[in-house]
Amino acid sequence: MAISLGSIADDYTGASDLANTLTKNGLRTVQTVGIPDPSLALPDVDAVVVSLKIRSVPASEAVTAATEAERWLRHRGAGHVLYKICSTFDSTDAGNIGPVTEALRDAAGGGSVLVTPAFPETGRTVYLGHLFVGGQTLNESPLKDHPLNPMHDANLVRVLARQTRGAVGLIDLAAIAAGPAAARARLDALRTTGVTMAVADAIFEKDLETLGEIALETPISTGASGLGLGLARALVRSGRISGSATAEDIIRPVDGFSAIIAGSCSKATLRQLEVAERSMPVLRLDPERLISGPDEIAAAISWAGDRISAGPVVVAASAAPETVSRLQSQYGRETSGHAIETATSIIAAELVERGVRRLVVAGGETSGAAVDRLAIPAFLIGPEIAPGVPVLRTVGNAQGDMLLALKSGNFGGDDFFAAALAMMH
Ligand SMILES: Nc1ncnc2c1ncn2[C@@H]1O[C@H](COP(=O)(O)OP(=O)(O)O)[C@@H](O)[C@H]1O
Ligand SMILES: O=C(O)[C@@H](O)C(=O)COP(=O)(O)O
């Protein structure tokens, strides 16, 4: 299997978001969880998205995992590798976007790497290096309260500069709007001055098509699904792939029960839970009890186990920012986050053990922990439920075929959970 495009995603929801965009834009795509075992039968595809869980781990660990994935993708023929980061640039001053991008750049022989988290379809735009989320700058958006990576600076040139020793530059909208030749000239100029990472403005899909075209001429880029769109369209235009991906067959029905597990504390997820409460049984976990012992997990499994045969159930750890900060001040940010992820992943796995085969997980880290515990090796990409969230069909897992939706915390409309289950039959 020789592939045209490789990607390394820093979390699993981000990976399915990108795989969705690539599929919608004509690339036959598979999402693997880590580097797949050689014994796993993967379909013939144009693009592979390797999902890693490296967004919030120490930078050195992220670098090691990403460079190993890059080698695997190159070995399978990928001429270009996109490092898929969050469209809200989730990271801390210690990394990981800068360190991983520079390590991938070094592995590919240097140059200037194009970086843009723009994803206009979900309201993420970049202007003069500043990231906007809907109508707000990043630092004024709900991302200022993210439990693991609170974002307090919208200026991405500054954010990246704090993460690396390399020089960071800007390709501004004027150069991009002038078309590929002008944008390429700007990238070349930055490279000759020693810039290792060039943040690129992008507001409309047209800008991302321009960026995709010039990124494809280089070995590495860093961005969100918007850049994926640009790369996919550039590949289709180049005639290197057939552009004939179809997603419908993926949602062939599976037998079993349905459940929703939420660990995202994002504003969109909190709203979706409120709406779900009107039509499904929702269990709100007590985060403090989750951290302090196994009783809350056992109680949740029993509560859900009693109800799943009657219809979908929702189990949520999610809480509003004030509650999250109270818990974090008591137990620490990482400790509480990871303890809750572990708890929600155990609940997810136990429900699958009890016959759940359609599973929606809300939250990137939450999804990563659940998919790891379920030991799912890969996903085929089905139709889109909401921008950035496709239906996924499992490949090679011990439980047999399952349908999943891994929802990035901030994605989806108010009725996302019902909409997802409706598409998963
Ligand atoms: N009530 C809570 N208090 C503190 N942290 C929580 C709570 N509920 C969930 N979390 C943690 O918050 C983090 C949410 O991150 P994630 O799952 O990536 O969601 P998102 O996609 O919204 O970023 C996880 O580490 C999760 O375990
Ligand atoms: O690019 C995006 O916004 C998403 O694909 C993504 O990575 C979101 O991260 P989580 O909210 O942590 O799932």
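These remarks concern the structure in this document.

Definitions and cut-offs
The residue numbering used here restarts from 1 in each chain and proceeds along that chain's sequence as written. Lettering for chains starts from A, numbering for ligands starts from 1, and both go in the order in which the items are written. Confidence filtering applies because this is a predicted model: local features only for residues at pLDDT of at least 70, side-chain atom pairs given and counted only at 80 or more, and all residues used for totals across whole chains, interfaces and linings. Based on all heavy atoms of the structure, the side-chain values leave hydrogens and waters out of the count. The term salt bridge refers to a pairing of a side-chain nitrogen on Lys or Arg with a carboxyl oxygen on Asp or Glu at a separation within 4 Å. Runs of E in the DSSP output that reach at least two residues are strands. Runs of H or I that reach at least four are helices, and both are numbered from the N terminus. Here a residue is near a molecule or strand as soon as one of its heavy atoms is found within 4 Å of it. Definition of a polar contact: a pair of N or O atoms within 3.5 Å, with one able to donate and the other able to accept a hydrogen when the atoms are protein atoms, and with sequence-neighbouring residues admitted only if both atoms are side-chain atoms. Accessible surface area values rest on a Shrake-Rupley calculation with a 1.4 Å probe, where residue burial reflects the displayed protein chains alone. Polar here means any residue outside two lists: the nonpolar Ala, Val, Leu, Ile, Met, Phe, Trp, Tyr, Cys and Pro, and the charged Asp, Glu, Lys and Arg; Gly therefore counts as polar. Three exposure classes are used, based on accessible area relative to the maximum for each residue type with a 1.4 Å probe and protein chains only: buried under 20%, partly exposed in between, and exposed over 50%. Think of it this way: DSSP has to see at least two bridges between two strands before they count as a pair. Only buried Ala, Val, Leu, Ile, Met, Phe, Trp, Tyr and Cys residues count toward a nonpolar core, and they belong to the same one when joined by side-chain atoms within 4.5 Å. Here a residue-residue contact requires only that any non-hydrogen atoms of the pair lie within 4.5 Å. To estimate the expected span of a helix, count its residues, drop one, and scale the result by 1.5 Å.

## Structural notes on the pattern of salt bridges
Taken as a whole and assessed by the stated rule, the structure comprises 26 salt bridges. Glu384 is the salt-bridge partner of Lys24, the closest N and O atoms lying 2.9 Å from each other. With Lys24 in helix 1 (residues 12-24) and Glu384 in strand 16 (residues 378-386), this pair connects stretches of sequence that are 360 residues apart. For Asp106, the salt bridge identified is with Arg105, shortest N-O distance 2.8 Å.

## As for the site of ligand 1
Taken together, 21 residues lie near ligand 1, and His146, Ser264, Ser266, Glu341 and Thr366 sit nearest. Within the side chain of Ser264, a nitrogen or oxygen atom sits 2.7 Å from an oxygen atom of ligand 1. Within the backbone of Gly409, a nitrogen or oxygen atom sits 2.9 Å from an oxygen atom of ligand 1. Burial of ligand 1 by the protein chains amounts to 97% of its free accessible area of 570 Å². For the shell around ligand 1, the secondary-structure elements that each account for two or more residues are helix 12 (321-331), helix 13 (333-353) and helix 14 (364-374). Of the residues belonging to the shell around ligand 1, the class tally is nine nonpolar, 10 polar and two charged.

## Side note on the site of ligand 2
Surrounding ligand 2, one finds 13 residues, the nearest of these being Thr13, Asp17, Arg55, Lys84 and Ser87. One nitrogen or oxygen atom from the side chain of Asp17 is found 2.6 Å from an oxygen atom belonging to ligand 2. Taken by itself ligand 2 offers 350 Å² of open surface, and the protein chains cover 96% of this. Take the shell around ligand 2: its biggest share by element is three residues, from helix 1. Of the residues in the shell around ligand 2, the class split is three nonpolar, six polar and four charged.

## Let's talk about the pairing of strand 18 (residues 403-407)
Two faces make up the sheet, and in a regular strand the side chains alternate between them. A large share of strand 18 lies buried, amounting to five of its five residues. Going residue by residue along strand 18, you find Leu403, Ala405 and Lys407 tucked away on one face and Leu404 and Leu406 tucked away on the opposite face as well. Strand direction decides the pairing type here: strand 17 (residues 389-395) and strand 18, joined by two bridges, are antiparallel. Note on strand 18: the bridge partner recorded for Leu392 is Leu404.

## Describing the nonpolar core
Within the largest apolar cluster, 109 residues are counted, with the highest numbers of intra-cluster contacts made by Phe89 and Leu359. Per-element tally for this core: the top contributor is helix 13, with seven residues. Not counting residues within four places of it along the chain, the set of residues in contact with Leu359 comprises Ala259, Ile261, Ala348, Val352, Leu374, Met402, Leu403, Leu404, Ala405 and Met424. Formed by 25 residues, the second largest nonpolar core is a distinct cluster that contains Val254, Ala262, Val360 and Val391.

## So, the environment of Phe132
With respect to the helices, strands and loops of the structure, Phe132 is situated in strand 7 (residues 130-133). With a relative accessible area of 25%, Phe132 lands in the partly exposed category. Residues Phe132 and Ile203 lie 71 residues apart in sequence; the distance between their C-alpha atoms is 9.6 Å.

## Some thoughts on helix 2 (residues 59-75)
Compared with the 24 Å implied by 1.5 Å per residue over 17 residues, the 24 Å span of helix 2 between its first and last C-alpha is a close match. Those residues of helix 2 not exposed but buried are Ala62, Ala66, Thr67, Ala69, Glu70, Trp72 and Leu73. Buried residues in helix 2 make contact with strand 1 (5-9), strand 3 (47-51), strand 4 (80-84), helix 3 (97-107) and strand 11 (220-223). Gly77 sits one or two positions beyond helix 2 and adopts a positive phi of about 105°.

## Considerations on unusual backbone geometry
For the bond from Gly95 to Asn96, the omega torsion is 5°, close enough to zero to count as cis. Considering the arrangement of structural elements, one finds Asn96 in the loop between strand 4 and helix 3. With a phi angle near 50°, Leu128 is a residue other than glycine that sits in the positive phi range. Its place among the elements puts Leu128 in the loop between strand 6 (124-127) and strand 7. Not every positive phi belongs to a glycine, and His425 is a case in point at roughly 55°.

## Some thoughts on the side chain of Ser336
Checked against the element boundaries, Ser336 lands in helix 13. A relative accessible area of 3% places Ser336 in the buried class. The contacts of Ser336, once residues within four sequence positions are left out, are Ile291, Leu327, Gln328 and Tyr331.

## Description of the pairing of strand 12 (residues 257-262)
Of all six residues in strand 12, five are buried, a share of seventy percent or more. Inspection of the sheet shows strand 12 paired to strand 15 (residues 356-362) by six bridges, in the parallel sense. For Phe257, the partnering residue across the bridge sits in strand 15 and is Val356. Sheet analysis places strand 12 next to strand 14 (residues 313-316), joined by four bridges and oriented parallel. Bridged to Ala259 within strand 14 is Val313.

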